[in-house]
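# An overview of the molecular structure
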Amino acid sequence: TKMKINYNRLKPVFLGMAVVALILSAIGIWDVSRSPYSGYRLSADYRVVRVDPGSPAAEAGVRVGDRITKIDGVSTERLYQLSKLSRADIGENQKLTLQRGGSEFAATVTPTALPTGNWILIRAKNVMGLLMIAIGFAVFKRRPGKEVSLFFLFNLFVALAFITPPYFESVG
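What counts and how
- Residues numbered from 1 in each chain as written.
- Predicted model: local features only at pLDDT ≥ 70, side-chain atom pairs only at ≥ 80, totals over all residues.
- Heavy atoms only, no water.
- Helix = DSSP H or I, 4+ residues; strand = E, 2+ residues; numbered from the N terminus.
- Buried < 20%, exposed > 50% of the residue type's maximum accessible area, 1.4 Å probe, protein only.
- Contact = heavy atoms within 4.5 Å.
- Areas by Shrake-Rupley, 256 points an atom, 1.4 Å probe, with all protein chains shown as cover.
- Core = buried A, V, L, I, M, F, W, Y, C linked by side-chain atoms within 4.5 Å.
- Expected span 1.5 Å × (residues − 1).
- Arc of directions from axis to C-beta.
- Salt bridge = Lys/Arg side-chain N within 4 Å of Asp/Glu carboxyl O.
- Phe/Tyr/Trp six-rings, centres within 6.5 Å; stacked < 30°, edge-to-face > 60°.
- Polar contact = N/O pair within 3.5 Å; in protein donor to acceptor, adjacent residues only side chain to side chain.

## Points about the overall build of the protein
Along the protein, the regular secondary structure elements total five helices and eight strands. Reading the protein from its N end, one meets helices and strands in the order α-β-β-β-α-β-β-α-β-β-β-α-α. When each of the 172 residues of the protein is scored for burial, the buried share is 33%. The long-range share in the protein, meaning contacts at least 24 apart out of those at least 6 apart in sequence, stands at 58%. Accessible surface, the protein as shown: approximately 10,800 Å² in total, 61% of it carbon and sulfur.

## Let's talk about the nonpolar core
In this structure, Tyr 40, Val 62, Ile 68 and Leu 96 are the most contacted members of the largest nonpolar core, which totals 14 residues. Elements with a minimum of two residues in this core: strand E3 (48-51), strand E4 (67-71), strand E6 (94-100) and strand E7 (103-109). Not counting the four nearest positions on each side in its chain, Tyr 40 is found in contact with Val 48, Arg 50, Val 51, Ala 57, Ile 68, Gln 94 and Leu 96. Grouped together as the second largest cluster of nonpolar side chains are 12 residues, Ala 21, Phe 137, Phe 152 and Ala 159 included.

## Focus: helix H5 (residues 146-162)
Because an α-helix packs 3.6 residues into every turn, residues spaced three or four apart end up facing the same way. Given a rise of 1.5 Å per residue, 17 residues ought to cover 24 Å, and the 25 Å separating the end C-alpha atoms of H5 matches this to within 8%. The set of residues buried in H5 consists of Val 148, Ser 149, Phe 152, Asn 155, Leu 156 and Ala 159. For H5, the angular spread of the buried residues around the axis is 125°, confining them to a single face. Projecting away from the buried face of H5 at angles above 90 degrees are the exposed residues Lys 146, Glu 147, Leu 150, Phe 154, Phe 157 and Ala 161.

## Things to note about the pattern of salt bridges
Oppositely charged side chains can pair when the atoms bearing their charge come close. Considering all chains together, one arrives at four salt bridges under this definition. Linking Asp 45 and Arg 47 is a salt bridge whose minimum nitrogen-to-oxygen distance equals 3.8 Å. Where Glu 77 meets Arg 67, a salt bridge forms, and the shortest distance between an N and an O atom there is 2.9 Å. Here Glu 77, found in the loop between strand E5 (74-75) and helix H3 (79-83), pairs with Arg 67, found in strand E4; they are 10 residues apart in sequence, far enough to count as distant. Among the residues examined, Glu 77 registers a relative accessible area of 58% and is labelled exposed.

## Details of the packing of aromatic side chains
What the rule picks out here adds up to three aromatic pairs. Here the aromatic rings of Phe 14 and Phe 152 are separated by 4.5 Å at their centres, their planes lie at 25°, and the arrangement is stacked. Of this pair, Phe 14 sits in helix H1 (residues 11-31) while Phe 152 sits in helix H5, and the two are 138 residues apart along the sequence. Since its relative accessible area comes to 5%, Phe 14 is described here as buried. Relative to Phe 152, the ring of Phe 137 lies with its centre 6.1 Å away and its plane at 70°, an arrangement referred to as edge-to-face. Of this pair, Phe 137 sits in helix H4 (residues 116-142) while Phe 152 sits in helix H5, and the two are 15 residues apart along the sequence. What links up through ring pairs into an aromatic cluster is the set Phe 14, Phe 137, Phe 140 and Phe 152.

## Some points on the environment of Ile 120
Residue position: Ile 120 is located in helix H4. Sequence-wise, Ile 120 and Lys 146 are 26 residues apart; in three dimensions their C-alpha atoms are separated by 36 Å.

## A word on the side chain of Arg 67
Residue Arg 67 is classed as buried on the basis of its relative accessible area, which comes to 15%. A distance of 2.9 Å separates a polar atom in the side chain of Arg 67 from a polar atom in the side chain of Glu 77. In this view, Arg 67 contacts Asp 45, Tyr 46, Arg 47, Thr 76, Glu 77, Thr 97, Leu 98 and Gln 99; residues no more than four positions away in its chain are not counted.

Below, the structure is given as structure tokens:
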């Protein structure tokens, strides 16, 4: 015998998932205006893979290929302690210790507000994520079923890839 699934019973679960994602996205849209911009990207081993021209990192002398060994005096080998560092505020100095070509040196990066293009892009991505979640849930609410459940879940997970969540400061 084949088990019949009552997809209407998934409505509260899907609604809960959608509400959490929507709240995170909405807070992320609000938080982006307070996001600091340093202008560099790192690999998993804290090697600088990109430095934006004219960015605070470029002005501080950070270059592609540098490896960050300390952030505000905390070794990048100590992930737990790094996770306890506060996000640098706009205008607040962040002291980096870098390795380049076998020698170590210090650089001070002072984050600025996000450039307008970045700010607009992040907000547009969050709005797109919001729309995908809302459309997925609206379609599921009207026609609950296997295919539409998958459509909702697909929309939710793709939307989560677009959404820039808010920054939550670690405590303790």
